[in-house]
Each structure stands twice: as structure tokens, then as C-alpha cells.
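Summary of the model geometry
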Amino acid sequence: MNPEKTQHLPSYVHRSPGQSHRVKKLIGLTAFCTAALLGWQSFVYLTDDSPVHISQSLSMGEREQLFLSVPNNARAEKTSEFFSKQPHLAGSPQDFKDSKSMLELFQTEFGISPTSEDPIYPAGSEKSRHSTLRLTSPLGGSKPSAWIDVYYPVLDTPLDRTLDILGQDGQTIWSADLTEDGDPLDEDAAKYRDFIPAWHGLSGHGTAEGQLIYANYGRKADFDELLAAGVDFTGKIVIMRYGIVYRGIKVEGAQLVGAAGVLIYSDPRDDGFVTVENGYASYPSGPARNPAAVQRGSVMFLSSYPGDPTTPGYPAYEDAERKDATNIPRIPSLPISWHNAQRLLEEIGHSVLEQNNLTGKISNSTIRIVNHVDRKVTPIWNTMAAIPGHIRDEVVLVGCHRDAWVLGAADPISGTVALTEIIRSYGELLRNGWKPLRTLVFASWDAEEQGLVGSTEFGEDFADWISKHVVAYLNVDVSSSGSQWGVSGSPALAPLIKQTALDVPHPIIPGKTLWDAREDEGPFRNDSAAFTVDVDVLLRYEREQKVKKDLVTGVHPLGSGSDYTVFLQRLGVASTDQGFGGTPYDAVYHYHSIYDSVTYQKLYADPGFNRHIAVAKHLGLLSLRITDYTIIPLNTTQYALELDVYLDVVESLVSEFVPHWTLDVSSLRSSITKLQFASAALDGEKDDAEKTFKELLGQLPHLPGRGAGCPHKCGHRSAIYTKLTNWVKRVFGVPAFTAETQVRWPTHEEVETTSVADFPKFPPIWEFFKAQRRVVKANKKLISFERGFISEEGIKGREWYKHLGVAPGKWLGYGATTFPGLTEAITLEKNLTLAQYEIGRLVSLIDQLAEKIIPDA
């Protein structure tokens, strides 16, 4: 620069050697601050010598609009056909083929170059561990990746199964046809009618003989009622209908009272108004139940622990040490059709179907069950993918399982269809220059049907990594099996879930939103006035609808039954699950049968695949917002307020179950109030931290480049600084410099006529540094909130479950129980001392959590 000119430049432009040094320090400090916030990879990016290239920035609104433009109905239908045209049982050759199809999709959409050898790694191997752990490492790669982890759980498949009625001489007088009929009107169902026989996964291997007794739904209350009436279950075969509680709970209950075996069938009484009795044809000729359909399913005791039965609490590696399984039945069981159930119920009289009270009547005849299975260590394949974020060590995980009992067009392929559309939407964002703020991980889980195996093994394998890094887990399983949208999740996610549903259009009705679909009912609603229905079933449905309407957030708490279980119930990760399900006015969904087919989807569940797409849009938009918002959108205050509701329920249970107790819950109520105040303080801190951070970020100026009197090194510093400021602003949604807005190097004439005060000032860099640290701390506190309910002791009697705020009910299996340890001390144990102990545990956890989330002074 001409020395004569420098004397006229303001201090901002004129640089003595000392000032130049200070500029270098400023650039370096800003880069350091950014690296501290966003990770080492960002620092490398900002300080290399490559030419400055800033891709076109997308605002948050533009990102969302682009994302929502991608999901496509016609493609969704083709994807459904692709994955559900053939059976894909966990551990089967077709399941492995499907895992590689998902891998290929990840590679195609995320721009991952295939390698000469597929990235398929045994769990526990260095490559498997590295694939996940490197995602949050400062030295991890910056490009998307995809791989398959192979776990080795114990699973089984059916061998021979028979069901007979024996005469007085011990000879067979009737044998059940255990094969579904495979009506040719559903081509895929007909083709694979006996490809995977109907059996209960992980049921007891062996033979059982005994008299038959009916136990309604097999609830604890049903067994208690029969026991109180003097029924002796020892050596009996218990027949029950599906519904209300998970099938494994039914078998566990029967085993505990001494039964020899179990039969479970699907009862048309539970189908609401859409029955043959009401004039509807059976599927596939009509929407009513096909009487030959059979519901397969696992009978693992999920309330004890999910996952591989032989490696509880640790991953099922190929060389893992195996333990005796304690969460699977010893007695045999079989799923049977309504057609076969009718014949068996004749042995104890049709009165059990004409009234809902239990008679305790026992058959004179003997029933014989044979259930032989091939149980062995079986490889399964979790297909994983990741898009590294600017903030590498905060991870958003999205998943759906892939395996099915047979065709599985609803369970889980409707969920997989939604997941594939989400993947394609993220692929489009990547092709438009976007990179997530946080790291995104996608999972196509395996062996969910046998007991949440693939996700549980991953959770147990990477427990420390998940606890440290995963912000939220977003699950989908069955996205379409009926007309009514339902959603469950952690209370902290509930407000975001609702707002996002309000932003997604209703799949069928113009002018409405997805949130409105919570009140949708099936297409046969108008026909119902003249029809008959089981009164108890209808009353139960109406109670469930009222409970949903009474929810403050409209979002149910999560129990179990899908792949969120290990993340929420064991590791304390905020989670959610959603999908469209049936009502008494919908076509019957033939759950886990050959008739869970794409034909059923096209005819009844989702003609046009609009519901598949609505779920894809909602779940995808939800994940995008959690990924790209500066402050993680977890509403801890909503959660803290909901704890009061949990405690209200506890007090009502005391009045109902143990009215003679004097149980003092005041200390727990006080702790909840303390947590609410701490959360309110965190709300103020996170809002102010974000506001201050973005304000200071917006003040970052543009340094002059080469040209008008600026030497080469000055321009080089400017290139680095421009790269940094524009990039960081773009990441956090602050407008970047453009040719019109950036500060350019002044001309000599401008210098002569401009005062120093008119030139841009450097930002208060230490204030910027403090602001970004406040954002980081606020986010860490938000993530820690759900973790705060994790007790290393776990829940009494089923210590695998460690969340003291919510868990699957011990005698529900799927359904959620809030404050589970305390609730079950009241309702099941009826133990005052234990209830007081559980109050103490909750007080301790909640007080610690309040201390942890309170903002620093």
C-alpha cells in the first residue's frame, strides 16, 4: 500500500504491524470460537487455502419447503410393493437382501460411493465400532457414510405344530388346520399362504395336554378373577383372545398360574362394527375379518427385558457369553384363527361369547398342543447411515424396523416407506448445498418383531455413546393401518410434535391438518347406526378417545412395543413414535398375518398412499427442526408440568387400590415444583442465549479483500474471515454477506470524506464467545433432562428398565405406566414401605435434575 495513502486511512483500515497482529489474533480467535462450537472439522474447513466458495444459503423456511416437496405418492406405492411382495422374516435370506437394498438407497441419496466390498461388519469388530464412534469424533470424516452392523441373537423358526382335540381314549377326534387360507383375490397372500407358518416367536418348545379353559384377554385381572372363583389352572390349556395387553403378557400370566399351554385367537367382537355379522364380506372380498387369518408374534416377556434373550444388558456379538434366557416362556403356545377358535370354544360352551363375565368352565375333553421350534444363534442386519453435522457431537437418530412376520405391508413396510421418503428428502437437501447443523443418523433395524432385538442390541452396544451424544430418537413402525393418526412421545417433544403436525396438511381432507386427523374415524362410520357391536369394546374405545382429548398436549406417553424402547426406557433419550391406526369403523387390519399385504393397503388402509406421505412429511420435518434449530426444541417446562399430572394419577390410585393408606406425597410434589422453577429459569436462559448469539453473529463484519491498496496477505486474511463469517451465519440462519451488503475496501476519495465512526467496528468477540458457550450449555442441559429420570438401580424386579418417569406397565407390555416403580408399589405390590421408598427415589432424582438444569449464576 502507498505510504502516503495509509496516513489518511481510519484506524479500521490503516494497519500498523501491531494492528495487523491484532487482526490475525481476531481471525484466529473467531475461528477458535467457531471450532469450539462446531467441532474441529469446521476449523479445518475455515483455515485451509482453498478458494472461498459459499453455496447458496437456504433459509429454514426454504429448507422445509424443499424437504416437503420431495415425498411422492406413486413412488411410495412402488416402494411398498418392492419390500412387501415377498416374506422377509428376520435372519432370512430375503431380510439380508432387503438390508442391502436399504444400504444402496442410502448410498444413492447421500452421494456415498460404493466400495468394492460391501461395508458389512460384525458387531463388536473394529470397523463396526469405528463406523458409529467416529461420527462424533473431531477426527471423523465430514462426508455421509452407510454401513451394516451384524448382530447374533438367539431367534427361532417353526418346525412342526399341531393342535388336536382328544377323545376319552386319547385318540384324536379333531385336528386344526393351522394354515391360513390364502384367498386368491389377494395374490401375494395366496402365493405365500404357508411360506412362514403361523407360530409364536420364542414360545416354549414342546408338547402340552390338558383341559381347556377360557381366560378372556389374559389380563392380570382376568386371571385374578378366575383364581378368586376357585379355578385351578394347573396343567390346563388356556385359550384367550388377542387385545388390550401384549400377547407375551398373556402367556406369562398363564405360566405363572401353572398352565401347561396357551392358545390365542383374534375375536370378531374386537373388530367393532365391521363384522360379517353386520353384513360385511370377509377380506379380501370385503372389509371384515377373514376367519382363517392368524396373528403371529413374539411372546417374549417384554416387561422383563427386550432384545436377545441370552445377552441381557450387553450386545449379542458372535462370540458373546450366553446366559440362560429368563424373558421367554417355558410353556408352548400357538396363535390360531377365529375359525379354529370357534370349534375349540364349543368344548366349553358358547356362553363365553355371549357375556363378558368369566364362567371358569373347563372342558371335559383334552386338548393337545405341539410346538416344535428351531432355536439358534441367528445373524441379523441393522442398516445404518449418517450425515455428519456442523455440530458433530449432537446426534439426531431416526429409525424404523425392516423385518416382518410375513409380507408386512403395514408392519413395518408402511413405516419403511415413510423412512425412504424422508431419506430422499434429505438427499435433495444435500444436493442443494445443505449440511445439517447436528449429525443425523438413520437406522433400518432388524428383528424388531422377535422382541425389539436389532435396536436393543445397538443400544446396549453403544450405550455410553448414545447417552453422551443422542439428542432425540424418532421412530416410525406402522405408518398406515387405519384412518386415525396417533402419536406418542416424551413430554419435552410434545409441543414440537403438535406444531409440526399443524404445519402438515391432512392426508385426505383439504383445509385440515395432520393434527386434525387424530379425530378421524373409518369410512364405515355412517353405516354403524343400524349395526350391533360389543358394548364393552365400544365403551373402551370411547374412554380411550376421551383420555386422548383430555391430554394437555395431545401426545401420549410412550410404553414399549417398538424400537424406541432402549433409547427412552434404558438410556433416557427423548423419543417419539407415530402412525395411522384403526377404529371400530375401519376395515379390519389383519395384524401379522398373510393378509397384511399391499393389496390391503390399496383397498382399505391407504388408497393413494396419502397417509404414508403424511407420516413421512411429519416425521421428516420434525427431524429437520430438531437437527437445524440453534436451540434444541425440547420443552422441559412442559415435561415438568406434566409430572404433576403423573402424581395426580398416583393419588387417585391410592384412593382406588389402598384407600386405608396414609401416603405422604408432599415431598415429591415439592420436588416437582422446584423442577418447574428450574426449568422456567432455563427457558429464560436459552431464549436469551440464542437471541444474544444471533445478534452478535449478525454483527460480524466483512474484512476487505484484495484490491484497492490491499496487499496479498491482507486479502488472504479477508478470504479466511469472509469464509468464516458467511459460513457460520448460514449455519445458524443469519443472513450472510452478499455483494450488495458486504463492506468493501474504501477508495482514497471515500477515506478523505469519511470519519472513523462511519466505518464498521469489530464485534465484541469475547461477548460472542460467551454467547456461543451459553448456547452450548443450554443445549446440554436440555439433553440432560430426560437422562435425569434414569436410575442405575432400575425398576424393582425388572432392572433392565431404568427410567423412573415412564415404562411399559408390568402387566401391560406395550402400554405406558407413569412413575412406574411408585405406581406398581401401589397397584401390584400394595406395599406402603415400598411406595415410600419409591417416592424417596423420585425425590432424589428430580432434585438432582433441578440442580443440574438451573442456569449458571
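This text gives an overview of the structure that appears in the document. (Residues numbered from 1 in each chain as written. Predicted model: local features only at pLDDT ≥ 70, side-chain atom pairs only at ≥ 80, totals over all residues. Heavy atoms only, no water.)

**Things to note about the overall build of the protein chain**
Which entries qualify depends on this criterion: Runs of E in the DSSP output that reach at least two residues are strands. Runs of H or I that reach at least four are helices, and both are numbered from the N terminus. Exposure is judged per residue with a 1.4 Å probe applied to protein chains only, and the accessible area is read against the type maximum: over 50% gives exposed, under 20% gives buried, and values in between give partly exposed. Any two residues having at least one pair of non-hydrogen atoms within 4.5 Å are treated as being in contact. Here the open area of atoms and residues is found with the Shrake-Rupley method and a 1.4 Å probe, where only the protein chains shown may cover a residue.
Within the protein chain, the regular secondary structure consists of 27 helices and 19 strands. For the protein chain, the residues scored as buried account for 61% of the 857 residues in total. Put simply, 81% of the contacts in the protein chain that link residues at least 6 apart link residues at least 24 apart. With the model as given, the accessible surface of the protein chain reaches about 32,300 Å², and the carbon-plus-sulfur share is 52%.

**Describing the environment of Ala281**
Here Ala281 shows up in the loop between strand S8 (261-265) and strand S9 (297-298). A relative accessible area of 36% means that Ala281 is categorised as partly exposed.

**Details of the packing of helix H21 (residues 636-657) against helix H25 (residues 765-787)**
Rules: Here the axes come from fitting lines to C-alpha atoms, over the contacting stretch only for helices, and the angles between their N-to-C directions go from 0 to 180 degrees. For classification purposes, an angle smaller than 35 degrees is called roughly parallel, one larger than 145 roughly antiparallel, one from 65 to 115 roughly perpendicular, and anything else oblique. The hand of a helix crossing depends on one turn: near helix anticlockwise from the far one by less than a right angle means left-handed, and clockwise means right-handed. Only Asp, Glu, Lys and Arg are considered charged in this grouping, and only Ala, Val, Leu, Ile, Met, Phe, Trp, Tyr, Cys and Pro are considered nonpolar; every other residue, Gly among them, is considered polar.
Packing of H21 against H25 brings their axes to within 10 Å, and their N-to-C directions diverge by 25 degrees. In terms of axis orientation, H21 runs roughly parallel to H25. Handedness of the crossing formed by H21 with H25: left-handed. Facing Thr636, Tyr639 and Ala640 of H21, the residues of H25 in contact are Leu782, Phe785 and Glu786. When the residues that make up the contact of H21 with H25 are grouped by side-chain class, the tally is 4 nonpolar, 1 polar and 1 charged.

**Observations concerning the side chain of Asp446**
Which entries qualify depends on this criterion: Whenever two N or O atoms come within 3.5 Å, that pair is a polar contact, provided that in protein one can donate a hydrogen and the other can accept it, and provided that, for residues adjacent in sequence, both atoms are side-chain atoms.
With respect to the helices and strands, the residue Asp446 is situated in the loop between strand S14 (438-445) and helix H14 (453-461). There is a polar contact of 3.4 Å between the side chain of Asp446 and the side chain of Arg402. Ignoring any residue separated from it by four or fewer positions in sequence, one finds Asp446 in contact with Ala90, Gly91, Asp95, Ile380, Trp381, Asn382, Arg402, Asp403, Val453 and Gly454.

**A closer look at the sheet that holds strand S17 (residues 574-581)**
We count it as follows: Strands are labelled as partners when DSSP assigns at least two bridges between them.
Across the sheet, 8 strands lie side by side as S1-S2-S12-S14-S13-S15-S17-S16; this open sheet has mixed pairing. Since the sheet does not close on itself, it has two edges, and those belong to strand S1 (120-122) and strand S16 (484-489), each with one partner. Pairwise comparison of adjacent strand axes, ignoring direction, gives a mean angle of 20 degrees for this sheet. Sheet analysis places strand S13 (residues 391-401) next to strand S15 (residues 470-480), joined by 5 bridges and oriented parallel. Pairing of Val398 across the sheet is with Leu474, part of S15.

**Some thoughts on the side chain of Thr636**
Looking at where Thr636 falls in the secondary structure, it is placed in helix H21. Ignoring anything within four residues of it in the chain, the contact list for Thr636 reads Ser679, Leu682, Asp683, Leu782 and Phe785.

**Some details on the nonpolar core**
Applied cut-off: The nonpolar core is taken to be a set of buried Ala, Val, Leu, Ile, Met, Phe, Trp, Tyr and Cys residues, with the residues joined through side-chain atoms within 4.5 Å.
The biggest cluster of nonpolar side chains holds 147 residues, and the ones touching the most others in it are Tyr426, Phe442, Leu668, Phe819 and Ile826. With 10 residues, the single largest contributor to this core is helix H27 (residues 832-853). Leaving out residues up to four positions away in the same chain, Leu668 has contacts with Leu647, Phe819, Leu822, Ile839, Leu842, Val843 and Ile846. Counting 39 residues, the second largest nonpolar core, distinct from the first, contains Leu178, Tyr214, Met240 and Trp338.

**Focus: the pairing of strand S2 (residues 145-151)**
We apply this condition: By convention, a crossover is right-handed whenever its connection, traced from the first strand over the helix to the second and viewed with the strands pointing away, goes clockwise.
Counting buried positions over the 7 residues of S2 gives 7, a clear majority of the element. Of the two faces of S2, the one holding Ser145, Trp147, Asp149 and Tyr151 and the one holding Ala146, Ile148 and Val150 are both buried throughout. Looking at chain direction, S1 and S2 are connected through 3 bridges and run parallel. Counterpart to Ile120 in the pairing with S2 is Ile148. Once you follow S1 into helix H7 (residues 126-133) and on to S2, the crossover reads as right-handed. Two strands pair when backbone bridges link them, and S2 and strand S12 (residues 380-387) are joined in this way by 7 bridges, in the antiparallel orientation. Along S12, the bridge assignment pairs Ile148 with Thr383.

**Considerations on the packing of helix H6 (residues 93-110) against helix H13 (residues 413-431)**
For the pair H6 and H13, interaxial distance at closest approach is 8 Å and the crossing angle is 25 degrees. By the angle between their axes, H6 is roughly parallel relative to H13. Side by side, H6 and H13 meet where Met102, Leu105, Phe106, Thr108, Glu109 and Phe110 of the first sit next to Thr416, Leu419, Thr420, Ile423, Arg424, Tyr426, Gly427, Leu430 and Arg431 of the second. For the contact of H6 with H13, the class distribution of residues is 8 nonpolar, 4 polar and 3 charged.

**With respect to unusual backbone geometry**
In the segment running from Tyr283 into Pro284, the intervening peptide bond is cis, with an omega of 5 degrees. Here Pro284 shows up in the loop between S8 and S9. Here the residue pair Asp411 and Pro412 is connected by a cis peptide bond, since its omega of 10 degrees sits within 30 degrees of zero. In this model, Ile244 sits at a positive phi of 70 degrees, which is unusual for a non-glycine residue.

**Some words on the pattern of salt bridges**
Rules: Should a side-chain nitrogen of Lys or Arg be within 4 Å of a carboxyl oxygen of Asp or Glu, the pair is scored as a salt bridge.
For the structure shown, the criterion picks out 44 salt bridges. A salt bridge links Asp164 to Arg368, with the nearest nitrogen and oxygen atoms 3.4 Å apart. Highlighted residues: Asp164 in strand S3 (residues 154-166) and Arg368 in strand S11 (residues 362-377), separated in sequence by 204 residues. When its relative accessible area of 7% is taken as the criterion, Asp164 is described as buried. With its nearest N and O atoms 2.8 Å apart, the salt bridge here joins Arg343 to Glu347. Taken together, the salt bridges that share partners define one network made up of Asp644, Asp648, Glu651 and Arg669.

**Notes on the pairing of strand S4 (residues 172-175)**
In terms of strand pairing, S3 meets S4 through 3 bridges, oriented antiparallel. Residue pairing in the sheet places Leu166 in a bridge with Thr172 of S4.

**A few points about the environment of Ala640**
The topology assignment puts Ala640 in helix H21. The class of Ala640 is buried, set by a relative accessible area of 0%. Taking the C-alpha atoms as reference points, Ala640 and Ile672, 32 residues apart in sequence, are found 6.7 Å from one another. The contact partners of Ala640, leaving out residues within four places of it in the chain, are Ile672, Leu675, Gln676 and Phe785.

**Thoughts on helix H26 (residues 820-827)**
The buried fraction of H26 amounts to 8 of the 8 residues, a majority that puts the element mostly inside the structure. Buried within H26 are the following residues: Pro820, Gly821, Leu822, Thr823, Glu824, Ala825, Ile826 and Thr827. Those residues of H26 hidden inside the fold are in contact with H21, helix H22 (666-698), strand S18 (806-808), strand S19 (816-818) and H27.

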